[in-house]
Amino acid sequence: MKMNVNTTEIKNQRDKRCLSQEQLAEIAGLSLRTVQRIEAKGVASGESIKSIAAALDLDCQQLLAVQPTTRNTQAPVPPSQPIPSRPLPASQHLRVKYLIGLLAVIVANCFGFWGIYSAFQSGSIDQQTMTLLKDTVAISLLVSIAVICYRGWRNQVFKFDL
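Everything quoted here is computed from the prediction, not taken from an experiment.

**Section: the side chain of Thr34**
Next up, step 1: Tracing the backbone through its elements, the reader meets Thr34 in helix α3 (residues 32-41).
Next up, step 2: A polar side-chain atom of Thr34 sits 2.8 Å from a polar atom in the side chain of Ser31.

Okay, here's the thing in structure tokens:
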């Protein structure tokens, strides 16, 4: 169900947080094209409004247009279900996703280490092969953690004061 949104409020809130349309789209879990269309036409689905409101840490009602936009002369359509007033802020939602990703990488690498040491203990691989595999898994663990932390920092999910 499409609803009219206050495009000025979305742009102002996005600018206030120094977010590009691309960054807002990523934080909200929407495509860049969807955010561009919403800001240009002033019409969005209830789910898109919820996502953007969560990404901007706003109440959904703040993003709804009081009057129809100039490009769309239809009256705003009320949502069929009430929109929750304060969903989980997108920054916390993304932080949880990144932390789960980090945990998954660490657990997967632990299983890798366990498999290597088990194979070495049973005599399936020699010392040189075990060392090579262990070092490869360790490097992949460090690179994976570095990439996840860098992406989290770039998306302003993690803040590191240097």
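**What to know about a nonpolar patch on the surface**
Next up, step 1: On the surface, a cluster of nonpolar side chains totalling about 480 Å² of accessible area is made up of Leu103, Val107, Phe111 and Trp114.
Next up, step 2: Along the polypeptide, Val107 turns up in helix α6 (residues 90-122).

**Overview of the packing of helix α2 (residues 21-28) against helix α4 (residues 46-56)**
Next up, step 1: At their nearest, the axes of α2 and α4 sit 8 Å apart, and the two run at 105° to each other. As the angle between them shows, α2 and α4 are arranged roughly perpendicular. Every residue of α4 that contacts α2 at Leu24, Ile27 and Ala28 is listed here: Ser51, Ile52, Ala55 and Leu56.
Next up, step 2: Split by residue class, the contact of α2 with α4 holds six nonpolar, one polar and no charged.

**Here we look at the environment of Glu9**
Next up, step 1: Summarising the element assignment, Glu9 is placed in helix α1 (residues 7-16).
Next up, step 2: As for Glu9 and Leu63, which are separated by 54 residues in sequence, their C-alpha atoms are 6.4 Å apart.
Next up, step 3: Once you skip the residues sitting within four places of it in the chain, Glu9 turns out to touch Gln62 and Leu63.

**Structural notes on the pattern of salt bridges**
Next up, step 1: Applying the stated criterion to the full structure yields five salt bridges.
Next up, step 2: Across the salt bridge formed by Asp15 and Arg14, the nearest N and O atoms sit 3.9 Å from each other.
Next up, step 3: Among the ionic pairs, Glu47 bridges to Lys50, the shortest N-O distance being 3.4 Å. Taken together, the positions of Glu47 and Lys50, both in helix α4 and three residues apart, correspond to about one turn of that helix.
Next up, step 4: Take Lys50: its relative accessible area is 23%, and that puts it in the partly exposed class.
Next up, step 5: Connected via shared salt-bridge partners are Arg14, Asp15 and Glu39.

Basis of the calculations
- Residues numbered from 1 in each chain as written.
- Predicted model: local features only at pLDDT ≥ 70, side-chain atom pairs only at ≥ 80, totals over all residues.
- Heavy atoms only, no water.
- Helix = DSSP H or I, 4+ residues; strand = E, 2+ residues; numbered from the N terminus.
- Polar contact = N/O pair within 3.5 Å; in protein donor to acceptor, adjacent residues only side chain to side chain.
- Patch = residues over 30% accessible without salt bridge, like charges linked within 9 Å, V, L, I, M, F, W, Y side chains within 5 Å.
- Areas by Shrake-Rupley, 256 points an atom, 1.4 Å probe, with all protein chains shown as cover.
- Salt bridge = Lys/Arg side-chain N within 4 Å of Asp/Glu carboxyl O.
- Axes fitted to C-alpha atoms, helices over the stretch in contact; angles between N-to-C directions.
- Parallel < 35°, antiparallel > 145°, perpendicular 65-115°, else oblique.
- Contact = heavy atoms within 4.5 Å.
- Nonpolar A, V, L, I, M, F, W, Y, C, P; charged D, E, K, R; others polar.
- Buried < 20%, exposed > 50% of the residue type's maximum accessible area, 1.4 Å probe, protein only.

The quantities given are spatial measurements derived from coordinates; they are silent on function.
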